[in-house]
Amino acid sequence: MRQANAVDGERKDSAVIPVEGMSCASCVHTIETALANPKGVRRVTVNLGAEKAFVEYDPHTATLHQMEQAITAVGYGVAKQSLSLKLTRLGAAGSTQEIEATVRDLSGVVSAAVNLPAETITVEYYPGTIIPADIKRAIRALGYETEERSEGPAAADSERDARQREIRRQVRNMLLAWPLSLLVMLGTFRDYLPWGLTPLVPEIMSNRLLLWALTTPVVFGPGWQFFVNTHRGLRHGVTDMNLLYAVGIGAAYFIAVLNTVWPNAGFGGPQATFYEAAALLTAFIVLGRYLEALTRGRTSEAIRRLMGLQPKTARVVRNNEEVEIPADEVDVGDIVAVRPGERIAVDGILIEGYSAVDESMLSGESMPVEKQAGDEVTGGTMNKTGAFKFRATKVGKDTALAQIIRLVEDAQASKAPLQQLADVVAGYFIQGVLGLALLAFLFWFFVGYQTYFDPATRFALTPYTLGQVGVFGFALLLSVTVLIISCPCAVGIATPSAMMAGVGKGAEHGILFKGAQAIEAMSRLQMVIFDKTGTLTRGGPSVTDVLPIDGVAEAELVGMAAAVEVNSEHPLGEAIVRAARERKLVVHEAEAFNAIPGHGVQARSRGREVLLGNRKLMEQRSVSIARLEAEAARFEEEGKTVMFVAADGRATGLIAVADTLKEHSMDAIRALRRLGLTVAMITGDNRRTAAAIGRQVGIDEVLAEVLPGDKAEEVKRLQAQGKRVAMVGDGVNDAPALAQADAGIAIGSGTDVAKETGHVILIKDDLRDVVVAIEIGRRTMGKVKQNLFWAFVYNLTGIPIAAGLLYPALKLIVSPELAAFFMATSSVSVTLNTLLLKRYAPSIKRVADATPDGPAVSAPAIARGGK
Amino acid sequence: MTGGIDVVQHSIRIGVLVSLALGLLFLGAARAAGAPPVAQYGGAMWVSLLSILIALPLLTPMVRRRTGP
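Residues numbered from 1 in each chain as written. Chains lettered and ligands numbered in written order. Predicted model: local features only at pLDDT ≥ 70, side-chain atom pairs only at ≥ 80, totals over all residues. Heavy atoms only, no water.

1. Quick notes on helix 2 (residues 37-67) of chain B
Spanning 31 residues, helix 2 of chain B covers 42 Å between terminal C-alpha atoms, matching the ideal 45 Å at 1.5 Å per step. The largest bend along helix 2 of chain B reaches roughly 35° and is located at Leu56(B), with the proline Pro57(B) sitting one to four residues downstream. (Helix = DSSP H or I, 4+ residues; strand = E, 2+ residues; numbered from the N terminus. Expected span 1.5 Å × (residues − 1). Bend = angle between axes of the 7 residues up to and from the residue.)

Here it is in structure tokens:
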């Protein structure tokens, strides 16, 4: 997607360019370097896991075409997509030029060609920079109608296709490389085959000319890609893993050919024909490429799944008829019809009908949500039961789904501090390895061979001895093995692959991380502060206790109170009416309603004179409440607001009202404490009341009497004590505190994620997602550390062994083909380890909504009359 | 981009000179150490190759910084 805005008077566009052919961390460095070249490019971030380049540029001086050239010049590809549209009202030939020029001028369009006789236009564009709807709008703005001829695949499909193409390419390479390499290996090791198998392999298989003939197609077929990519990179002064492969394969092949045609040249002679090394090296590297392509796509599956939620068509009511049109052509204000089992195309407000909608794909909430007229519906969600119509309110990039995808993409573009370090290491890795290969060569050439060489030297894990290899052959062999065994891919992929998986896992549960920094911050938290009102609690009063006396039934007492409050707009009155409705009571209309400011209300209900109000009202009307005093005092101690009810001058009971905890608040707090975190609550309540609430819900630390504007200062004070703090609150009202916290968690935003501040956004109003977000953060960072640990351990042990560190003691060296096998498995194992994140299930179990209200907490008493 | 290619070509020229110098240095050392002729020349080629591969990505940004944007 492309976005444009003006910065300091200069125009700034941003684009997401899908890059094909990335295989390792040095590719990130290579592409970032290449993309930094065109003038006007302001910022470049390349994400290996997502296989995308995120670019900010000035469109006056840099073009996407230049960026494509820069990427392709260093050996990578840019995915392009084709859109074919049928044009109507096409007039003279002059109009074709107008259409072509207009479309070509759109940023992200590569080419546009109108076919006048066929009345069609074919547009080639970069899928990450422009969407088909923009192209259609531009043509419609010229006065022509468009109709999509063949549905172009969505961006996500195009990426999947590119990956599939890469997988198919490497499969083809393997089909050639492996059979030939195995034949070469059989021929080379014919004399060493176990279990008496030697006679089964014809002697001609050992012929060096035949081995040469079998190896050549492997090196110049499947192996050719490494030479081509190395050449492209070097032309622009950059190196990557392809260079190491090319040098390794090339050196092994060159020495083998030299020893075949000129055995006495001194390169090790007939004993050192490394055909099997060149062939197997290629086969293993191709296998590694294949496995990487196979596994890497899976780390971003959740994100592609989100992108796939957008339906392709929508049924819009036009002239009282339902017409099916492409979803991206729905305009704001259109009436859209949805049938059971269909996915909702855009965001809107339901105007007719009702249904249950499955929103789990966006919010993670498994229970379908009932929708009726006036309710909001979200694009991408699934209509389950009924048919309905809604008015579109947000389309295109403004829909909740588009915002979520944008947030997730931005998160992919960001790099955690740990990743920046890994990228720096990976960026210099190739140079480091080449340097080590040079040092190893010099050492074994001038010192090692004369001091330690033993003709009985064997390759590790094979019975093959090295024989009478000369000083150059021996030193070169170890030097090449160093190049082959090193694996910057593992270092480079360790962090982004885990971050991709973590961001995706969060999205699955309705948790949006705004960047890799957010995940890292979540993993390091020591303290979680909850805003009280509206976050821990519902933020409004609910009836918590009903205490009838003198044989009055509870339902009768509530019904009586509700009758006098039925038309009330006061929060306490609304709470009582709501309580009556929840108890399924019939609420009768009252007569002679009289509000008594600061005290309560009086009305006639079903022939009885009913009073509802505070202690003062009862005293004024000489109603004795002595029998209720003890309970009333207890409720008031708990911070609840007590209202007495009297009928015909006699007390009939009391009703206590308080703010209530959200249903999962206590579960969440318990789970957070189990995770070893200190849980705090921040509130404007007085200390005594706040402490009482804190005790009830199991809060460790209560920050009371904090004015709304001082919450950020309070967070700062805790941070100054060395605590890493998360603040959980409303993304709008608590914005300063959320911004100040190490991790600001905005809760219950619904799908309007764009307005939210904070580092983490929870789509659902469910505090248990705070626990899930922290668990995902910890597990993701755990995977990052595991991956980095193994990647570094692999390289730090593999490279010295390949360089011959253990040779003086063991007389064993690692063969290039074994080094290639280790290299291929190391990066794949890192990706497989990351994929274990998919198995994560939140420790805090979801239970069906059993109780509509959580326990009451002592909110500040809300008294009638504006106390 | 044209300027970019000039920078790279300039870097390649410097890199070739550096690697040839190191190759010659190796040749002299190998000769002094009494290595067989083929090992001397093969080693010099290998050292030159690795040297230019190491030097080129380091030289390109250096040259770019010196020549300016």
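The discussion continues.
2. Regarding the packing of aromatic side chains
Summed over all chains, the structure comprises 23 aromatic pairs over all chains. Relative to Phe26(B), the ring of Phe441(A) has its centre 5.8 Å away and its plane inclined at 35°; by these criteria the two rings are tilted. Residue Phe441(A) is found in helix 13 (residues 417-452), and its partner Phe26(B) is found in helix 1 (residues 2-33); the two belong to separate chains. Phe441(A) sits in the buried class, given a relative accessible area of 0%. Where Phe443(A) meets Trp444(A), the ring centres are 5.1 Å apart and the plane angle is 85°; that geometry is what we call edge-to-face. Taking the relative accessible area as the measure of exposure, Trp444(A) reaches 2% and is therefore buried. Three or more aromatic residues joined by ring pairs form one cluster here, namely Phe443(A), Trp444(A), Tyr449(A), Tyr452(A), Phe453(A), Phe474(A) and Tyr807(A). (Phe/Tyr/Trp six-rings, centres within 6.5 Å; stacked < 30°, edge-to-face > 60°. Buried < 20%, exposed > 50% of the residue type's maximum accessible area, 1.4 Å probe, protein only.)

3. Quick look at the interface of chain B and chain A
Counting from both sides, the interface comprises 25 residues of chain B and, opposite them, 29 residues of chain A. Our count for the contact surface shared by chain B and chain A stands at 0 salt bridges. Linking chain B with chain A are 3 residue pairs in polar contact (both at pLDDT 80 or more). Those elements that provide at least two residues to the side of chain B that touches chain A are helix 1 and helix 2 of chain B. Among the elements that take part in the side of chain B that touches chain A, helix 2 of chain B stands out by supplying 16 residues, more than any other. The class makeup of the residues in the side of chain B that touches chain A is 20 nonpolar, 4 polar and 1 charged. (Contact = heavy atoms within 4.5 Å. Salt bridge = Lys/Arg side-chain N within 4 Å of Asp/Glu carboxyl O. Polar contact = N/O pair within 3.5 Å; in protein donor to acceptor, adjacent residues only side chain to side chain. Nonpolar A, V, L, I, M, F, W, Y, C, P; charged D, E, K, R; others polar.)

4. Examining the sheet that holds strand 17 (residues 382-383) of chain A
Residue and element names in this part refer to chain A. Taking strand neighbours across the sheet as the criterion, the 3 strands line up as 15-14-17 in an open arrangement whose pairing is antiparallel. With one partner strand each, in any of the chains shown, strand 15 (369-371) and strand 17 form the two edges of the open sheet. Where strand 14 (residues 355-358) lies against strand 17, 2 bridges are found, and the strand directions are antiparallel. Each residue of the ladder has a partner; that of Val 357, found in strand 17, is Asn 383. (Pairing = 2+ DSSP bridges.)

5. With respect to helix 28 (residues 816-835) of chain A
Here helix 28 of chain A spans 29 Å end to end across 20 residues, near enough to the 28 Å set by a 1.5 Å rise per residue. Extensive coverage of helix 28 of chain A is indicated by the burial of 15 of its 20 residues.

6. Remarks on the pattern of salt bridges
Residues and elements named next belong to chain A. Counted under the stated rule, the structure contains 26 salt bridges over all chains. Measuring nitrogen to oxygen at the nearest pair gives 3.2 Å for the salt bridge that ties Glu 166 to Arg 169. With Glu 166 and Arg 169 both in helix 5 (residues 155-188) and 3 residues apart, the pair spans about one turn of that helix. Put simply, Asp 765 and Lys 662 hold a salt bridge, and the shortest N to O gap is 2.7 Å. Of the two residues, Asp 765 sits in the loop between strand 32 (760-762) and helix 26 (768-802) while Lys 662 sits in the loop between strand 27 (650-661) and helix 22 (665-674), which places them 103 residues apart along the sequence. Given a relative accessible area of 47%, Asp 765 falls into the partly exposed group. One network of salt bridges, with partners in common, ties together Arg 315, Glu 322, Arg 339 and Glu 342.

7. What about the environment of Ala555(A)?
Along the polypeptide, Ala555(A) turns up in helix 18 (residues 554-565). Overall, Ala555(A) belongs to the partly exposed group, its relative accessible area being 37%.

8. Thoughts on unusual backbone geometry
Residues and elements named next belong to chain A. One non-glycine residue, Asp 550, lies in the positive phi region at around 55°. Structurally, Asp 550 can be placed in the loop between strand 22 (537-548) and helix 18. Of note in the backbone geometry, Asp 648 takes a positive phi value of approximately 50° without being a glycine.

9. Quick look at the packing of helix 18 of chain A against helix 19 (residues 571-582) of chain A
Any two packed helices are characterised by how steeply their axes cross, that is the angle between the axes, and by the distance between the axes. All names here are of chain A. Running from amino to carboxyl end, helix 18 crosses helix 19 at an angle of 130°, the nearest separation of the two axes being 8 Å. The orientation of helix 18 with respect to helix 19, classified from their angle, is oblique. As helix 18 runs across helix 19, the sense of the crossing is left-handed. When helix 18 is examined against helix 19, the residues Val 558, Ala 561, Ala 562 and Glu 565 are found in contact with a partner set consisting of Gly 573, Ile 576, Val 577, Ala 579 and Ala 580. (Axes fitted to C-alpha atoms, helices over the stretch in contact; angles between N-to-C directions. Parallel < 35°, antiparallel > 145°, perpendicular 65-115°, else oblique. Left-handed = near helix turned anticlockwise from the far one by under 90°.)

10. Remarks on the nonpolar core
One finds Phe445(A), Phe530(A), Val770(A) and Trp46(B) to be the most contacted residues of the largest nonpolar core, which totals 182 residues. Contact partners of Phe445(A), with chain neighbours within four places excluded, come to Gln450(A), Val471(A), Phe472(A), Ala475(A), Phe26(B), Ala30(B), Ala35(B) and Ala39(B). Of all hydrophobic cores here, the second largest spans 25 residues; its members include Val543(A), Val558(A), Met643(A) and Ala647(A). (Core = buried A, V, L, I, M, F, W, Y, C linked by side-chain atoms within 4.5 Å.)

11. Considering the sheet that holds strand 25 (residues 608-613) of chain A
Residue and element names in this part refer to chain A. Reading across from one edge, 22-27-26-25-24-23 is the order of the 6 strands in this open sheet, with antiparallel pairing throughout. Edge positions in the sheet fall to strand 22 and strand 23 (591-596), since each has one partner strand and no second. The sheet shows a mean angle of 20° between the axes of neighbouring strands, direction not considered. Where strand 23 meets strand 24 (residues 600-605), 4 bridges bridge the pair, whose relative direction is antiparallel. For Asn 594, the partnering residue across the bridge sits in strand 24 and is Gln 602.

12. Quick word on the pairing of strand 26 (residues 641-647) of chain A
All names here are of chain A. With 7 of its 7 residues buried, strand 26 lies for the most part within the structure. Every second residue of strand 26 is oriented toward a common face, with Thr 641, Met 643, Val 645 and Ala 647 on one face and Val 642, Phe 644 and Ala 646 on the other, all of them buried. Where strand 25 and strand 26 come together, 4 bridges link them in antiparallel fashion. When the sheet's bridge partners are listed, Leu 611 is paired in strand 26 with Ala 646. Bridge count for strand 26 against strand 27 is 7 bridges, and the pairing is antiparallel. Note that in strand 27 the partner of Ala 646 across the bridge is Ala 651.

13. Section: the side chain of Asp58(A)
Along the chain, the position of Asp58(A) falls in the loop between strand 4 (52-57) and helix 2 (64-73). Taking the relative accessible area as the measure of exposure, Asp58(A) reaches 8% and is therefore buried.

14. Describing the side chain of Glu100(A)
Residue and element names in this part refer to chain A. Along the chain, Glu 100 turns up in helix 3 (residues 93-105). This buried residue, Glu 100, is left without a salt bridge; Arg 104 holds the nearest opposite charge, at 4.1 Å. Those residues within four positions of Glu 100 in sequence are excluded, and the remaining contacts are Ala 112, Ala 113 and Val 114. (Lys, Arg positive; Asp, Glu negative; His and termini not counted.)

Bear in mind that shape data such as this cannot, by itself, settle questions of function.
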